[in-house]
Amino acid sequence: MLEAYIDKPRRKKISLTALIDVVFILLLFFMLTSSFSQSRAVDLSQPIASATAPVAPRTQLLLLYTDGHLRLHNSDFFLAHYRELSGSHLTELDNTAPVVLLTESTVQIAAITELLSRLHVLNFERTTLGGVLPEDQQ
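What this report covers is the structure whose coordinates are included nearby. Owing to the predicted nature of the structure, the values given are computational and were not obtained by experimental measurement. (Residues numbered from 1 in each chain as written. Predicted model: local features only at pLDDT ≥ 70, side-chain atom pairs only at ≥ 80, totals over all residues. Heavy atoms only, no water.)

Some words on the packing of aromatic side chains
Each aromatic ring pair is summarised here by two numbers: the centre-to-centre distance and the angle between the ring planes.
Move 1: For the structure shown, the criterion picks out 1 aromatic pair.
Move 2: Consider the rings of phenylalanine 29 and phenylalanine 30, whose centres lie 5.3 Å apart with planes at 70°: the pair is edge-to-face.
Move 3: A relative accessible area of 47% means that phenylalanine 29 is categorised as partly exposed. (Phe/Tyr/Trp six-rings, centres within 6.5 Å; stacked < 30°, edge-to-face > 60°. Buried < 20%, exposed > 50% of the residue type's maximum accessible area, 1.4 Å probe, protein only.)

Structure follows, in structure tokens:
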């Protein structure tokens, strides 16, 4: 009986200390590499049309260029830079009419989202991104 007991290989026990160390290091790694800042989102949803809704005013085309200047299509409204847009320009723009933002193809996304969020703060609730400016407008 003693011979059968000697022939069996002994099982090694896994040390829980090493396992806990590995889990702790992984936990620290994921905590330090994750980002806890909240990203801001711009709401681009449009209101749902109904049969009783009044006729919408004419759509305004707002043109954003690569150098930052802003222009209202077929109008005298012009800003040297979109960051200058403020509440004083509400007389030039109709915040009840839908606004479609058209940009040059080289405008950075950060500029587009900053302008859209600025329009949202100025109560332009019906603003959407239209796409790239036609060649004749660039």
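Quick notes on the sheet that holds strand S2 (residues 70-72)
Each strand in a sheet pairs with another by means of backbone hydrogen bonds, the pair being arranged parallel or else antiparallel.
Move 1: Pairing is mixed across the open sheet formed by 5 strands, whose spatial order is S3-S2-S1-S4-S5. Each edge of the open sheet carries a strand with a single partner, namely strand S3 (78-79) and strand S5 (127-132).
Move 2: Summarising the sheet, strand S4 (residues 99-103) and S5 pair through 5 bridges and their orientation is parallel. Its bridge partner being in S5, leucine 101 is matched across the sheet by leucine 129. (Pairing = 2+ DSSP bridges. Helix = DSSP H or I, 4+ residues; strand = E, 2+ residues; numbered from the N terminus.)

Some points on the nonpolar core
Move 1: Counting residues in each nonpolar core, the largest one holds 19 residues, and the members touching the most others are Leu62, Leu64, Leu70, Leu85 and Leu115.
Move 2: Elements that contribute at least two residues to this core include exactly strand S1 (60-64), S2, S4 and helix H3 (109-121).
Move 3: Among the elements that take part in this core, H3 stands out by supplying 5 residues, more than any other.
Move 4: With 5 residues, the next largest nonpolar core counts Tyr65, Val100, Leu102 and Leu133 among its residues. (Core = buried A, V, L, I, M, F, W, Y, C linked by side-chain atoms within 4.5 Å.)

Digging into the environment of serine 105
Move 1: Among the secondary structure elements, serine 105 is positioned in the loop between S4 and H3.
Move 2: Spatially, the C-alpha atoms of serine 105 and proline 134 are 9.7 Å apart, while their sequence positions differ by 29 residues.

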